[in-house]
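# Commentary on secondary and tertiary structure
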Amino acid sequence: MAPPDDGDGDGAWLTRYRLARRLMADEAEDGVRGVAGSLEHLCRGLAKHLSLRGAAVSLMSEAGSQGVAAASDHHIKGVDELQFTTGVGPCHDAFAARRPVLTADLDSGSGDPWPGYTSAAIDAGVRAVFSFPLHVGAVAFGVLDLYAEQPGPLNSKQVAMALTFAQIATETLLDGHLTSPGGDLEPILEVAMDSRAEIHQAQGMLMVSLQVGPTEALARMRAYAFAHDRPLIELAKEIIAGRDHLDDHK
């Protein structure tokens, strides 16, 4: 794949690329393998190298499928899921625009572009979010999110390194073995993509039980999940199991 055009030449990009691969290899001693393992190593290596709180890779599609495929740690995975629970956030904007969305201070006081998400992310200990789309031309696969505990922008070298890691994440998703020898999707990736199917199923059940349209059903799910500090996928599973119909939360 061609290097991204970051203005400093192929030599500098190749140096960063080799460094990124070494950083990923340093994280590969945990025994986790495959595409999901490579993405986890990528998240941990990048977060350590840039001295950030963490990183996560989310899979997304134009059809609405989305889910966290890998994260540097469990807490960051939960923080990244906030964007799917609330339905807004920098990763959605980066995916839609096919360009990085760099938010140096979530609490800047200059207006909140992501109501609900911003306050939840700050409560989770995040003050800055940097989202880089994983794409080739107009075709996007997901987003690489970086999280910082303190406000402040990335400098040009950090942005260049993040773009290099985003390129490697894209390569991993394009060239890696997404399935097992038996043809099944890797377990971690399967969970990430199946989450959306369960949310759609729960959404349909609410449409019937509450007699509302699809937009209203999903909006109620997101509002309830956010108000009760629960991941959207967890609420969806409860609805599917018949343990929560949101009847009392109209």
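Below, the structure is looked at part by part. (Residues numbered from 1 in each chain as written. Predicted model: local features only at pLDDT ≥ 70, side-chain atom pairs only at ≥ 80, totals over all residues. Heavy atoms only, no water.)

### What about the overall build of the protein chain?
- The helix and strand inventory of the protein chain stands at 9 helices and 5 strands.
- Secondary structure elements of the protein chain occur, N-terminal to C-terminal, as α-α-β-β-α-α-β-α-β-β-α-α-α-α.
- Residues counted as buried form 47% of the 250 residues belonging to the protein chain.
- Considering only contacts within the protein chain whose residues lie at least 6 apart along the sequence, 59% involve residues at least 24 apart.
- Total accessible area computed for the protein chain in this model is approximately 11800 Å², and 53% of it derives from carbon and sulfur atoms. (Helix = DSSP H or I, 4+ residues; strand = E, 2+ residues; numbered from the N terminus. Buried < 20%, exposed > 50% of the residue type's maximum accessible area, 1.4 Å probe, protein only. Contact = heavy atoms within 4.5 Å. Areas by Shrake-Rupley, 256 points an atom, 1.4 Å probe, with all protein chains shown as cover.)

### What to know about the nonpolar core
- Core analysis: the biggest nonpolar cluster contains 33 residues, and Leu 39, Phe 132, Leu 144, Leu 146 and Phe 165 have the highest contact counts within it.
- Those elements giving two or more residues to this core turn out to be helix 1 (9–26), helix 2 (34–49), strand 1 (54–60), strand 2 (66–71), strand 4 (128–136), strand 5 (139–148) and helix 6 (156–175).
- Considering each element in turn, this core owes the most residues, 8 residues, to helix 6.
- Leave out the neighbours within four places in its chain, and Phe 132 touches Pro 100, Leu 102, Gly 142, Val 143, Leu 144, Leu 146, Leu 154, Val 159, Ala 162, Leu 163 and Ala 166. (Core = buried A, V, L, I, M, F, W, Y, C linked by side-chain atoms within 4.5 Å.)

### Comments concerning the pairing of strand 5
- In terms of burial, strand 5 is a largely internal element, 8 of the 10 residues being buried.
- Pairing between strand 1 and strand 5: 6 bridges, direction antiparallel. By the bridge assignment, Ala 55 is partnered in strand 5 with Leu 146.
- Direction of pairing for strand 4 relative to strand 5: antiparallel, over a ladder of 9 bridges. Each residue of the ladder has a partner; that of Phe 132, found in strand 5, is Leu 144.
- Hairpin connection between strand 4 and strand 5: a loop of 2 residues separates the two successive antiparallel strands, and Gly 137 in this loop has a positive phi of roughly 65 degrees. (Pairing = 2+ DSSP bridges.)

### Observations concerning the pattern of salt bridges
- On inspection of all chains with the given rule, the structure shows 8 salt bridges.
- The partner of Arg 21 in a salt bridge is Glu 171, and the shortest N-O contact between them spans 3.3 Å. With a gap of 150 residues between them, Arg 21 in helix 1 and Glu 171 in helix 6 connect regions that are remote in the sequence.
- A salt bridge links Lys 77 to Glu 81; the shortest N-O distance between them is 2.7 Å. In this pair, Lys 77 and Glu 81 both sit in helix 3 (residues 74–86), 4 residues apart, roughly one turn of the helix.
- A single network of salt bridges, built from pairs that share partners, joins Glu 27, Glu 40, Arg 44 and Lys 48. (Salt bridge = Lys/Arg side-chain N within 4 Å of Asp/Glu carboxyl O.)

### Some details on the packing of aromatic side chains
- Inspection of the entire model under this criterion finds 2 aromatic pairs.
- Judged by centre distance (4.9 Å) and plane angle (35 degrees), the rings of Trp 13 and Tyr 17 are tilted. One end of the pair, Trp 13, and the other, Tyr 17, are both in helix 1, 4 residues apart, so they sit about a helical turn from each other. Neither residue differs from the other here; Trp 13 and Tyr 17 are each classed as buried.
- With a centroid separation of 6.3 Å and an interplanar angle of 80 degrees, the aromatic rings of Trp 114 and Tyr 117 are classed as edge-to-face. (Phe/Tyr/Trp six-rings, centres within 6.5 Å; stacked < 30°, edge-to-face > 60°.)

### Description of the pairing of strand 4
- Within strand 4, 7 of the 9 residues are buried, which leaves it mostly tucked inside the rest of the structure.
- Of the strand pairs in this sheet, strand 3 (residues 101–103) and strand 4 are connected by 3 bridges, and their pairing is antiparallel. Within strand 4, the position partnered with Leu 102 by the bridge is Phe 130.

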